[in-house]
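Observations on the model geometry
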Amino acid sequence: MIVAKKVFVFDDNRDILDLCTFILEDAGYEIKTSENANNIEEQVAAYMPDLIFMDNWLPDLGGIQATKALKNHPDLKHIPVIYFSANNDISSLADEAGADSYLSKPFDIAALEEIVKKHLS
């Protein structure tokens with residue numbers, strides 16, 4: 001039996017979380033979502049995803065700090081983080097955060113599926 005790859009999406013916008021869930025579940029992935037990055041290490045360690053999408057604007061602990069925390073954690077730093085944001089400067093934000101890649105919002109479905117495939121194949 002093939003085990004579905006797991007994707008964890010962090011975004012404070014419920015509509016984005018619902019959209020990502022719909023698209024990625026339809027593509028055969030298992031999805032978990034969170035509207036905040038509080039206790040980021042615990043949230044991620046409890047699910048151990050194969051890929052993480054991280055929004056820039058998250059309440060309390062922002063996306064940059066959350067990504068840095070994951071990349072500094074010995075058990076979690078191997079998990080690819082895709083930074084996603086509507087910010088024009090997303091590539092430098094992703095660099096600053098230490099993310100593995102980035103996806104601009106608004107994104108189209110094909111771009112989302114493509115970046116997931118690239119990191120999970």
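Note that the structure is predicted; figures quoted are calculated from it, not measured. (Residues numbered from 1 in each chain as written. Predicted model: local features only at pLDDT ≥ 70, side-chain atom pairs only at ≥ 80, totals over all residues. Heavy atoms only, no water.)

Looking at the environment of W57
- Residue position: W57 is located in the loop between β3 (51-55) and α3 (63-71).
- Linking W57 and I115, residues 58 residues apart in sequence, is a C-alpha distance of 20 Å.
- Look past the residues within four positions of W57 in its chain and what remains in contact with it is D12 and N87. (Helix = DSSP H or I, 4+ residues; strand = E, 2+ residues; numbered from the N terminus. Contact = heavy atoms within 4.5 Å.)

Quick notes on the sheet that holds strand β4 (residues 81-85)
- Taken in spatial order, the five strands make up an open sheet running β2-β1-β3-β4-β5, and their pairing is parallel. Across the chains shown, the open sheet's two edge strands, defined by having one partner strand only, are β2 (30-34) and β5 (101-104). Taking the axes of each pair of neighbouring strands and ignoring which way they run, one obtains an average angle of 20 degrees across the sheet.
- Sheet analysis places strand β1 (residues 6-10) next to β2, joined by five bridges and oriented parallel. Within β2, the residue paired with F8 across the bridge is K32.
- In this fold helix α1 (residues 14-26) packs onto β1, β2 and β4, with an angle of close to 175 degrees to the strand it touches most, β2.
- Packing against the sheet, helix α2 (residues 40-47) makes contact with β1, β2 and β3, and its axis sits at approximately 160 degrees to β1. (Pairing = 2+ DSSP bridges. Axes fitted to C-alpha atoms, helices over the stretch in contact; angles between N-to-C directions.)

Section: unusual backbone geometry
- Note that the residue after K105, namely P106, is joined by a cis bond; omega there is -5 degrees.
- Tracing the backbone through its elements, the reader meets P106 in the loop between β5 and α5 (109-120).
- For N39, which is not a glycine, the phi torsion comes out positive at approximately 50 degrees.
- By the secondary structure assignment, N39 is in the loop between β2 and α2.
- For D60, which is not glycine, the phi torsion reads 60 degrees and is therefore positive.
- Relative to the helices and strands, D60 resides in the loop between β3 and α3.

Remember, this is a structural readout, not a statement about activity or role.
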